[in-house]
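# Structural description and commentary
Now for the letters of each chain:
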Amino acid sequence: MREAAEAQVMPGTDLPRAANATEPLLRVEGLKKYFPIEKGFLRRRTGVIKAVDGVSIEVMPGETVGLVGESGSGKTTLGRCVMRGLRATEGSIEFKVDGRYVDMNALTGRELQPIRKHIQMVFQDPYTSLDPRMTVLEIVGEPLVYGLNAKRAQVEKRVKELMDVVGLSTRHINRYPHAFSGGQRQRIGIARAIATNPSLIVADEPVSALDVSIQAQILNLLVELQERLGLAYLFVAHDLSVVEHISDRVAVMYVGQLVEQAKTEDLFSAPQHPYTEALLSAVPRPDPHRKMDRIVLRGDVANPADPPSGCYFHPRCRYAQDICSVEKPALREIKPGHHAACHFSETLDLQGVS
Ligand code: SF4
């Protein structure tokens, strides 16, 4: 038992684990997460908020899939469902562990325990995600103790290795989170996330609470760790410029649904959905010759408790036609590997960024 735990807490190999993999590591099918709206003393159900409404998405081993959308699009809820921090209302979350798929959404809390070490999370806010009463040794070592039954000496050795891997001093393992800057705290969060050698990390807006000057350092660290450990990321962000440099593929969400999904380069250079075009128009570019007008979207994201008829985006879409308020467009393949949910993807000439 001790040997087994010791072997498991050793650092990962220096090679990507599944460079030639043909099967997804994560396969989400038809995922729905509805929150009931209850009113009155008797908590009578008066409706539902469809935070995630029928999303299917895959992540290959060693791949980064960026999940983007405005606040309220359902991307964070989807990430939490994948982690089983929230139980999805419907659908499956098939995760490949030891060569076989397990449906995370169907597992009980007890059945989930041995899976947890394979799938970890990096949180948005490094100021609130670390327990201020715990030392770095305790914070980073906790998943080793509960996930791998590691003993104190093993934990200390591994935590020191992890501090080194994420660029922090091994001398600081007995300090508390308040002694660190925001960027250093996020490095501690990342060290904790990779402690058990997971194959998938769900990163929920991991740089949005940080100074711009620190964001690039953390993104570079995530890329470096991916190359070294063969990690896959489901990278949740509201900012397309952040996902551009880290993602192999990008999925765009709007009111709980996927509206576009493609390889990063294809989605940025030739978007097929007007919502993506609008998001791209807000991406800052250093090129002064670039001519792309900022598309200002009218109004807010639609209410997921009472979405518009037809295409949910139609009240804000500058290309909307009569059919758009009546018929809901299906997510379909427009070009190989490029999916969009718009009636007019083939005829619209949407602007991308090079
Ligand atoms: Fe706009 Fe219509 Fe396409 Fe929806 S279906 S994105 S409203 S053009």
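These figures come from a predicted structure and were not determined experimentally.

Rules used in this analysis
- Residues numbered from 1 in each chain as written.
- Predicted model: local features only at pLDDT ≥ 70, side-chain atom pairs only at ≥ 80, totals over all residues.
- Heavy atoms only, no water.
- Buried < 20%, exposed > 50% of the residue type's maximum accessible area, 1.4 Å probe, protein only.
- Helix = DSSP H or I, 4+ residues; strand = E, 2+ residues; numbered from the N terminus.
- Pairing = 2+ DSSP bridges.
- Axes fitted to C-alpha atoms, helices over the stretch in contact; angles between N-to-C directions.
- Contact = heavy atoms within 4.5 Å.
- 1 Å grid on protein atoms, 1.4 Å probe; cavity = no way out; pocket = protein on both sides within 12 Å on 5 of 7 lines; lining within 4 Å.
- Points joined across faces, edges and corners; volume = space filled by probe spheres on them.
- Nonpolar A, V, L, I, M, F, W, Y, C, P; charged D, E, K, R; others polar.
- Core = buried A, V, L, I, M, F, W, Y, C linked by side-chain atoms within 4.5 Å.
- Domains from an automatic or database assignment.
- Buried area = accessible area lost by both parts, 1.4 Å probe.
- Salt bridge = Lys/Arg side-chain N within 4 Å of Asp/Glu carboxyl O.
- Polar contact = N/O pair within 3.5 Å; in protein donor to acceptor, adjacent residues only side chain to side chain.

## Digging into the pairing of strand β8 (residues 232-237)
Across the 6 residues that make up β8, a large majority, 6, are buried. Both faces of β8 are covered, namely the face carrying Ala232, Leu234 and Val236 and the face carrying Tyr233, Phe235 and Ala237. Of the strand pairs in this sheet, strand β3 (residues 64-68) and β8 are connected by 5 bridges, and their pairing is parallel. Across the sheet, Val65 pairs through a bridge with Leu234, a residue of β8. Pairing of strand β7 (residues 200-204) with β8 involves 5 bridges; the strand directions are parallel. Across the sheet, the residue bridging to Ile201 is Tyr233, located in β8.

## Considerations on the sheet that holds β7
Strand order in the open sheet formed by 8 strands is β6-β7-β8-β3-β9-β10-β12-β11, with mixed pairing between adjacent strands. Only two strands of the sheet have a single neighbouring strand rather than two, namely β6 (119-122) and β11 (332-335). When strand polarity is set aside, the average angle formed by the axes of neighbouring strands in this sheet is 25°. Of the strands in this sheet, β6 and β7 are in contact with helix α6 (residues 182-194), which crosses β6 at around 175°.

## Here's the deal with the layout of surface pockets
A volume near 490 Å³ is recorded for the largest pocket. Lining the largest pocket are 25 residues, and of these Arg116, Gln120, Met121, Pro143 and Arg192 lie nearest its centre. Sorting the residues of the lining of the largest pocket by element identifies α3 (109-116), β6, α4 (136-148) and α6 as the ones contributing at least two each. For the lining of the largest pocket, the element with the most residues is α4, which contributes 5 residues. Of the residues contributing to the lining of the largest pocket, the split by class is 11 nonpolar, 8 polar and 6 charged.

## A few points about the nonpolar core
Grouped together as the largest cluster of nonpolar side chains are 65 residues, with contacts concentrated most on Phe235, Leu240 and Tyr254. Judged by nonpolar contacts, the second largest core, of 33 residues, contains Ile93, Ile119, Leu200 and Leu258.

## Considering the domain arrangement of the protein chain
For the protein chain, the domain assignment lists domain 1 (23-118 + 198-213 + 227-285 + 292-354) and domain 2 (130-197). Between the C-alpha centres of domain 1 and domain 2 there is a distance of 31 Å. Contacts between the two partners involve 9 residues from domain 1, matched on the other side by 10 residues from domain 2. For the pair domain 1 and domain 2, the two sides together bury roughly 740 Å², of which 67% comes from carbon and sulfur. The largest per-residue losses of area from domain 1 upon contact with domain 2 belong to Lys117, Pro198 and Leu210, which jointly make up 57% of the total buried on that side. Counting across the interface, domain 1 meets domain 2 through 0 salt bridges. The tally of links between domain 1 and domain 2 comes to 2 residue pairs in polar contact (both at pLDDT 80 or more). Its residues placed into classes, the side of domain 1 that touches domain 2 shows 6 nonpolar, 1 polar and 2 charged.

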